[in-house]
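Per-entry structural report
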Amino acid sequence: MMETKSNDIISIIPKPIKVDVKQGIFTLNNNTVILTVPDLKKQAEYLKNLMAPATGLELDIEDLSKKDGNINTIILNIEENEKVFNPEGYKLEVSQGGIEILGSTPQGVFYGIHTLRQLFPVEIESSSKIDMEWSIPCTSIEDSPRFFWRGFMLDESRHFFGKDIVKKMLDVMASLKFNVFHWHLTDDQGWRIEIKKYPLLTEIGSKRKGTINSRKKLDGIPISGYYTQEEIREIIGYAAERFITIIPEIDVPGHVKAALAAYPELSCKGGSFEVCTHFGILEDVLCIGKEKVFDFIQDVLNEVMEIFPSEIIHIGGDEVPRTRWKECSDCQARINKEGLESEVDLQVYFTNRIANFLTSQGRRLMGWNEILNKNLVKNAICQYWENNLNEVLEHIKNNRNTVISERVALYLNYRYDLIPLNKTYKYDPIPEELDIKFHKNIFGIEACVWTEHITNIKELEWRIFPRLLAVAETGWTPKNKKDFQSFLTRLDSYLQRLALQKINFATKDEFRKYEKTL
Ligand code: ACM
Ligand code: ZN
């Protein structure tokens, strides 16, 4: 595909649907005023704060009704006729005298602001003042997303990164127009969310004595950390200002060794457990036969629901061995009492009970694709990651909902030789064989980062970037407007932006080395 002239001048990721570059330029200066309506005051402040560090300009914000022929204005406005727009869409018009961003919702306007930021020279990302002319080409842009679920998952159980790093991720997610942050907060190697009714979950479950390294030796480096409920509320608020919904994941009934270290009576056999120091699939899981396990989960989820406003709550459900259930009299009694066929059915019994509980609270369950079963409740959302695509397709064709996180393209913790940038870019979340009438059942795409072997922020960012930019474009831009060569060209300037934001990334030499012809 040939690039148009427009794209030689402007360089935006994810690529907008329609860009028309015109004659002339707009220059931001001391006299520029932001004019807006009461519903967009927060977005106006956000825009002002985005522009201030690099430009040194403290733009005035005034009510749009005061507009009296001022020139050099940035107008943020809501288009009354909502039908014109996708709720996340926007129109951005840059002319010599001013800029106008229109959306049918504050979220749409917010995305227009992020596109505007990318129209400015990369130096706009600088955290300190730069003396230069802040000019952009006169442009007309119309834009809206392909999918309404554009997600990123971070595993903070295996390694804990903390509030500042999460906020930094939320910032970059917002600028790439992501709207879901899936927070993997519990696993075998660490429980990272304060639950007031079960204090040992964090007192014991958030600490491990070390990690078994590649030479099969315990490294002796303790890993710990968790979020208080207050810190989580702060982060949820920070995300909400960026139109990002945070979906918490409490992974059950497998991947629970950290919880069992705190409360061993939730297992089939009892005994004593340690927060796990190695990685993989563990046989110690929650007992499905004991009622106190359901009491525990409901108590935990009650606290989770009090903190997280998200309608959707993720309960994991991946990689659950049945070994313990086979040997447990309580689990076997449950199978008999419920008329289940085997241990396999114990998991769907478990998932449905939790799903019904969540539904009774006005929420909705999401789980990894292992929750799928012909008896699964209808409203459960499946997150596809590997293996059973056919089963997932059946789920979709039954008008059930799915989010796609295909492991071999979207697990960004994998090395670049396993998942080169072009593989992530070219991956499409809609399976080719799926009839168009079912496409709406796929909510969207989500990239995941598992952190078993990622111990620090530099490494974390190096794995995520630039592959997350490729996912951003797939989530937002229509398939027929995507083009890898164009993306690579635009990436050059985005990498400079990341550098100015002090975000580490794999360089072009590093990620291109592994590209195969796909
Ligand atoms: C997963 O990767 N176990 C969801
Ligand atoms: Zn049991």
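This report concerns the structure included in the present document. (Residues numbered from 1 in each chain as written. Chains lettered and ligands numbered in written order. Predicted model: local features only at pLDDT ≥ 70, side-chain atom pairs only at ≥ 80, totals over all residues. Heavy atoms only, no water.)

In a packed pair of helices, the relevant descriptors are the angle between the two axes and the axis-to-axis distance. At a minimum axis separation of 10 Å, helix α6 (residues 229–241) and helix α8 (residues 291–307) run at an interaxial angle of 40°. When the interaxial angle is binned, α6 and α8 end up oblique. For the pair formed by α6 and α8, the contact residues are Gln229, Ile232, Arg233 and Ile236 on the first element and Glu303, Glu306 and Ile307 on the second. Its residues assigned to classes, the contact of α6 with α8 shows three nonpolar, one polar and three charged. (Axes fitted to C-alpha atoms, helices over the stretch in contact; angles between N-to-C directions. Helix = DSSP H or I, 4+ residues; strand = E, 2+ residues; numbered from the N terminus. Parallel < 35°, antiparallel > 145°, perpendicular 65-115°, else oblique. Contact = heavy atoms within 4.5 Å. Nonpolar A, V, L, I, M, F, W, Y, C, P; charged D, E, K, R; others polar.)

For the structure on display, the rule yields 24 aromatic pairs. Seen in terms of ring centroids, tyrosine 198 and phenylalanine 296 are 4.8 Å apart; in terms of plane orientation they differ by 75°. Their pairing is edge-to-face. Placement of the pair is tyrosine 198 in the loop between β11 (190–191) and α5 (200–203) and phenylalanine 296 in helix α8, with a sequence separation of 98 residues. Neither residue differs from the other here; tyrosine 198 and phenylalanine 296 are each classed as buried. Taking 5.8 Å as the distance between ring centres and 55° as the angle between the ring planes, the aromatic pair formed by phenylalanine 294 and phenylalanine 350 counts as tilted. With phenylalanine 294 in helix α8 and phenylalanine 350 in helix α11 (residues 343–360), this residue pair connects regions lying 56 residues apart in the sequence. Considered together, phenylalanine 294 and phenylalanine 350 belong to a single accessibility category, that of buried residues. A cation sits over an aromatic face here: arginine 242 above tyrosine 238, 3.6 Å from the ring centre. Looking at arginine 467, its charged tip hangs above the ring of tyrosine 416, at a distance of 3.9 Å from the centre. (Phe/Tyr/Trp six-rings, centres within 6.5 Å; stacked < 30°, edge-to-face > 60°. Buried < 20%, exposed > 50% of the residue type's maximum accessible area, 1.4 Å probe, protein only. Lys NZ or Arg CZ within 6 Å of the ring centre and 35° of its normal.)

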